[in-house]
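The lines below spell out each chain.
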Amino acid sequence: MHPVVIVAGGYGTRIKKFSKGNPKILLNIDGNPFIYYLLNYLQTHGVKKVIICSGFGHLKIKKYIYKNKYKFNKLKIKISYEGKKRLGTAGSIRSAIKLLKDNFIIIYGDNLFNFNFKKLLKMKIKKNKSGLMIIKKNDSNYIKSNVIRNKKSFFYKKKSKGNGQYYDYGILLFRKKVFKNLIKFKKYDLSDICENLSKKNEIDFIITKKKLIEIGSIRGYQVFQKKIYEFYKEISN
């Protein structure tokens with residue numbers, strides 16, 4: 001069963017007026033930090049092991065997990081700290097390499113999904129691929145598209161210049177070797193890794209129609225606040 005890596009090292013610049021100096025994953029929503037809903041979702045869907053890749057606000061995240069670990073007793077939670085130097089989304093995963101298995105799932109620390117994780121936990125990556133990405137057709141006016149469809153094939157492009165039809169849903173399955181080959185303590189962005197693998201046809205794409213709510217933008221945060229009970233009840237079943 002694949003472990004789940006939560007990328008949670010961002011500053012939350014776009015929502016700083018709401019985050020009050022806290023990392024995005026600790027953003028307060030109806031009395032609980034966002035990480036509460038995310039971890040509850042994961043343990044409800046059969047996840048056993050979670051690695052949180054932290055950076056900004058590391059000690060605050062660590063303190064919350066320590067004080068509230070009884071709420072997530074179905075999860076084995078490890079926290080990896082990238083250090084004072086910001087290493088980017090992929091660089092922070094590289095710094096946690098010793099905690100990872102050969103294949104592992106990556107999710108973003110500002111996304112909450114209505115996706116069946118149980119199937120993904122046992123899913124295998126094709127022999128000629130290095131990973132796979134869950135994508136969704138873009139029916140939103142505030143989420144940017146970054147996946148282009150060309151006939152039967154897909155291509156991930158970090159900056160699609162408005163011609164993308166799909167977007168990265170925020171759930172990825174990767175081989176450990178992708179990150180093991182990166183230089184330790186060097187900054188890497190996960191989107192650059194994905195684009196490079198896409199160019200070499202080493203990444204698979206799976207389309208989902210399931211809902212996604214993100215809190216990385218003011219618009220996303222406001223939507224989640226309004227629909228929290230409706231959405232959380234739905235994903236917890």
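One structure accompanies this document, and this report is about it. (Residues numbered from 1 in each chain as written. Predicted model: local features only at pLDDT ≥ 70, side-chain atom pairs only at ≥ 80, totals over all residues. Heavy atoms only, no water.)

Regarding the packing of aromatic side chains
Next, step 1: Summed over all chains, the structure comprises 12 aromatic pairs.
Next, step 2: Aromatic pair Phe104 and Phe179: ring centres 5.7 Å apart, planes at 45°, arrangement tilted. Taken together, the residues Phe104 in strand β6 (residues 103-108) and Phe179 in helix α6 (residues 177-180) connect sequence positions 75 residues apart. Each member of the pair, Phe104 together with Phe179, is buried.
Next, step 3: Seen from their ring centres, Phe154 and Tyr166 are 5.4 Å apart, and the 85° between their planes marks the pair as edge-to-face. With a gap of 12 residues between them, Phe154 in strand β10 (residues 153-156) and Tyr166 in strand β11 (residues 166-175) connect regions that are remote in the sequence.
Next, step 4: Classification of Phe154 by relative accessible area gives buried; the value is 18%.
Next, step 5: Of the aromatic side chains, those joined through ring pairs into one cluster are Tyr41, Phe113, Phe115, Phe117 and Tyr169. (Phe/Tyr/Trp six-rings, centres within 6.5 Å; stacked < 30°, edge-to-face > 60°. Helix = DSSP H or I, 4+ residues; strand = E, 2+ residues; numbered from the N terminus. Buried < 20%, exposed > 50% of the residue type's maximum accessible area, 1.4 Å probe, protein only.)

So, unusual backbone geometry
For residues other than glycine, phi is negative in most cases, and the peptide bonds are mostly trans.
Next, step 1: Here Asp30, not a glycine, exhibits a phi torsion of approximately 55°, which is positive.
Next, step 2: Phi is positive for Asn201, which is not a glycine, with a value near 60°.
Next, step 3: Summarising the element assignment, Asn201 is placed in the loop between α7 (190-199) and β12 (203-208).

Brief notes about the state of the cysteines
Defined simply, a disulfide is a covalent bond joining two cysteines at their sulfur atoms.
Next, step 1: With the rule as written, the count across this model stands at zero disulfides.
Next, step 2: The closest cysteine sulfur to the non-disulfide-bonded Cys53 is located on Cys194, 14 Å from its own sulfur.
Next, step 3: Assessed through its relative accessible area of 1%, Cys194 is described here as buried. (Disulfide = S-S within 2.5 Å.)

Overview of the packing of helix α2 (residues 34-44) against helix α3 (residues 58-68)
To characterise two packed helices, one gives the angle between the axes of the helices and the distance between these axes.
Next, step 1: Running from N to C, α2 and α3 cross one another at 55°; their axes reach a closest spacing of 11 Å. When the interaxial angle is binned, α2 and α3 end up oblique. The element α2 and its partner α3 pack so that their crossing is right-handed. Across the interface between the two elements, Ile35, Tyr36 and Leu39 from α2 touch Ile61, Tyr64 and Ile65 from α3.
Next, step 2: Looking at side-chain class alone, the contact of α2 with α3 contains six nonpolar, no polar and no charged residues. (Axes fitted to C-alpha atoms, helices over the stretch in contact; angles between N-to-C directions. Parallel < 35°, antiparallel > 145°, perpendicular 65-115°, else oblique. Left-handed = near helix turned anticlockwise from the far one by under 90°. Contact = heavy atoms within 4.5 Å. Nonpolar A, V, L, I, M, F, W, Y, C, P; charged D, E, K, R; others polar.)

Some points on the pattern of salt bridges
Should the charged atoms of two oppositely charged side chains come close, the side chains can pair.
Next, step 1: Applying the stated rule across the entire model yields seven salt bridges.
Next, step 2: Put simply, Arg86 and Glu82 hold a salt bridge, and the shortest N to O gap is 2.7 Å.
Next, step 3: Note on Glu82: relative accessible area 10%, which makes it buried.
Next, step 4: With a shortest N-O distance of 3.6 Å, Lys126 and Asp204 are connected by a salt bridge. Separated by 78 residues along the polypeptide, Lys126 in the loop between α5 (117-120) and β8 (131-137) and Asp204 in strand β12 bring together distant segments of the chain. (Salt bridge = Lys/Arg side-chain N within 4 Å of Asp/Glu carboxyl O.)

Some words on the nonpolar core
Next, step 1: Counting 46 residues, the largest nonpolar core has Ile6, Leu42, Ile107, Phe117 and Ile171 as the members making the most contacts within it.
Next, step 2: With eight residues, the top contributor of residues to this core is α2.
Next, step 3: Residue contacts for Ile171: discarding those within four places in its chain leaves Ile105, Ile106, Ile107, Phe113, Phe115, Phe117, Leu120, Leu132, Met133 and Ile134.
Next, step 4: In terms of nonpolar packing, the next biggest core, distinct from the first, is built from 30 residues, Val7, Ile93, Ile135 and Phe179 among them. (Core = buried A, V, L, I, M, F, W, Y, C linked by side-chain atoms within 4.5 Å.)

Quick word on the side chain of Asp204
Next, step 1: Owing to a relative accessible area of 19%, Asp204 belongs among the buried residues under this scheme.
Next, step 2: Setting aside anything within four residues of it in sequence, one finds Asp204 in contact with Lys126, Lys129, Gly131, Leu132 and Met133.

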